[in-house]
Amino acid sequence: MERKMYFEQVYDVVRSVPIGRVTTYGAIADYLALGSARMVGWALRNMSAQFDGDVPAHRVVNRLGELSGRHQFPTPEYMQLMLEQEGVKVENDRVVDFKGRFWHPGEGMDNG
DNA sequence: CAGCTGACGCATA
DNA sequence: GTATGCGCCAGCT
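Below, the structure is looked at part by part. Not measured: the values here are computed from a predicted model.

What counts, and at which threshold
- Residues numbered from 1 in each chain as written.
- Chains lettered and ligands numbered in written order.
- Predicted model: local features only at pLDDT ≥ 70, side-chain atom pairs only at ≥ 80, totals over all residues.
- Heavy atoms only, no water.
- Helix = DSSP H or I, 4+ residues; strand = E, 2+ residues; numbered from the N terminus.
- Rg over C-alpha atoms; globule rule 2.2 N^0.38 Å.
- Buried < 20%, exposed > 50% of the residue type's maximum accessible area, 1.4 Å probe, protein only.
- Near = heavy atom within 4 Å.
- Polar contact = N/O pair within 3.5 Å; in protein donor to acceptor, adjacent residues only side chain to side chain.
- Nonpolar A, V, L, I, M, F, W, Y, C, P; charged D, E, K, R; others polar.
- Phe/Tyr/Trp six-rings, centres within 6.5 Å; stacked < 30°, edge-to-face > 60°.
- Contact = heavy atoms within 4.5 Å.

On to the overall build of chain A, then. From N to C terminus, chain A includes five helices and four strands. Counting from the amino terminus, chain A carries its helices and strands in the arrangement α-β-α-α-β-α-β-β-α. Computed over its C-alpha atoms, the radius of gyration of chain A comes to 13 Å, within 12% of the 13 Å expected for a compact globule of 112 residues. With the principal axes as the frame, chain A shows a C-alpha extent of 40 × 30 × 20 Å. Counting across all 112 residues of chain A, residues that qualify as buried make up 38%.

As structure tokens, then:
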């Protein structure tokens, strides 16, 4: 790989999301200062459709904390189950106390 | 190059 | 809350 594809960079951010926290597409896009929230979803989808595994895509939700990407998982409840088993409560396909669970890329990082 | 798509986000009515 | 329109930009056909 001479150069990282856009999604490669998205993985790096998503993997940086701590357990029990969630982030948004817009936040990732803004952090990378590339593309747009739409690109993040696009990237995650490629990841989930090609690599899947190391990247906790279930910690990425839309700006309202809605599990808008649950349909891409093996099952539409997989995403919620993952979040709940990490300590993130979910109701009506939305993260409970989303504002409190929100994590911004770079938070807690002082290297870079 | 042109046309279509998509796990978004914001403004409008 | 629901529906519509625009901006965004990589990837596929």
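Our focus in this paragraph is the protein's contact with DNA strand B. Among the 16 residues in the neighbourhood of DNA strand B, the closest are listed as Y25, R38, R45, N62 and R63. For DNA strand B, the fraction of protein-proximal atoms (within 4 Å) that sit in sugar or phosphate groups is 48%. Residue R45 places a side-chain N or O atom 2.7 Å away from a phosphate oxygen belonging to DNA strand B. Residue R63 places a main-chain N or O atom 2.8 Å away from a phosphate oxygen belonging to DNA strand B. Counting residues per element, the ones that place at least two in the surface near DNA strand B are α2 (25-32) and α3 (37-50). Among the elements that make up the surface near DNA strand B, the one with the highest residue count is α3 (seven residues). Partitioned by chemical class, the residues of the surface near DNA strand B number six nonpolar, seven polar and three charged.

What follows covers the packing of aromatic side chains. For the coordinates displayed, the defined rule picks out five aromatic pairs. The interplanar angle of 50° and the centroid separation of 6.2 Å between the aromatic rings of Y6 and W42 together place this pair among those described as tilted. One end of the pair, Y6, is in helix α1 (residues 6-15); the other, W42, is in helix α3, and 36 residues separate them in sequence. Note on W42: relative accessible area 37%, which makes it partly exposed.

The local shell around DNA strand C consists of M5, G35, R38, M39 and W42. A share of 79% is what sugar and phosphate atoms reach among the atoms of DNA strand C within 4 Å of the protein. Classifying every residue of the surface near DNA strand C by side-chain character gives three nonpolar, one polar and one charged.

Our next topic: the side chain of T24. By the element assignment, T24 lies in strand β1 (residues 23-24). Residue class for T24 comes out buried when judged on its relative accessible area of 9%. A polar atom in the side chain of T24 sits 3.1 Å from the backbone nitrogen of A27. Ignoring sequence-local partners within four residues, the contact set of T24 consists of V60, V61, N62, R63, F98 and F102.

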